[in-house]
Amino acid sequence: MKYQLVYSCDEELYQFYLRQRTYFSLDVQEITYDYINQDMLGPEGFDERNHFHYKIYEHQTMIAYIDYMLGYRFSMKHDQSYLWIGLFLVEESLWHHHYGQRIIQRLCQNYSQYTIQLACLSQNKNGKAFWQAMGFKEIARSYWGHEEVIIFEKQSMEVL
């Protein structure tokens, strides 16, 4: 797999977002360039130099997108031992091909010194099942806008 760092929405990323109908049907939001660019911003006060957005390719085809921040953790605390996954999407037509598993395993290996956290929409049954299968544990529930989210965590150095 090949990873391409991106800084803003382009046509390829926009079209990728549009194809992820199952995920975006959970949050009634019109997908626009502006929405994606706003979604790519970190929280206020967060150092964007520690915020990464990657388009992921297999054989020149974009198969996934991941957004993560180093030094960010649940409850808006800066903590250099944490990594926060802001968004992770795998092309819906490729679900069950183990791309998601391989990408997250690589992330966990590359950042084994970090505790990894993320928020998953509580009604996202596919997402909850994926993160639990990857060894992430529910540590809290919160709200993102009007949507309830489950906060998942995987401790540093846990082997997949």
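Our subject in this report is the structure included herewith. Since this is a predicted model, take the numbers as computed values, not measurements. (Residues numbered from 1 in each chain as written. Predicted model: local features only at pLDDT ≥ 70, side-chain atom pairs only at ≥ 80, totals over all residues. Heavy atoms only, no water.)

To continue, consider the nonpolar core. Counting 28 residues, the largest nonpolar core has Ile85 and Ile104 as its most contacted members. Listing elements by their share of this core, those giving two or more residues are strand S2 (51-58), strand S3 (61-73), strand S4 (77-90), helix H4 (99-110), strand S5 (115-121) and strand S7 (147-154). Those residues in contact with isoleucine 85, other than ones at most four positions away along the chain, are Ile66, Asp67, Tyr68, Ile104, Leu107, Ile116, Gln117, Leu118, Ala119 and Trp131. Cys9, Phe16, Tyr17 and Leu87 belong to the second largest nonpolar core, which has 16 residues in total. (Core = buried A, V, L, I, M, F, W, Y, C linked by side-chain atoms within 4.5 Å. Buried < 20%, exposed > 50% of the residue type's maximum accessible area, 1.4 Å probe, protein only. Helix = DSSP H or I, 4+ residues; strand = E, 2+ residues; numbered from the N terminus. Contact = heavy atoms within 4.5 Å.)

Below, the discussion takes up the pattern of salt bridges. Across all of its chains, the model carries seven salt bridges by this definition. A salt bridge links aspartate 10 to lysine 55; the shortest N-O distance between them is 2.6 Å. Of this pair, aspartate 10 sits in the loop between strand S1 (2-5) and helix H1 (11-19) while lysine 55 sits in strand S2; the two residues are 45 residues apart in sequence, bridging distant segments of the chain. We note a salt bridge from glutamate 12 to lysine 55, for which the minimum N-O separation is 2.7 Å. Of this pair, glutamate 12 sits in helix H1 while lysine 55 sits in strand S2; the two residues are 43 residues apart in sequence, bridging distant segments of the chain. (Salt bridge = Lys/Arg side-chain N within 4 Å of Asp/Glu carboxyl O.)

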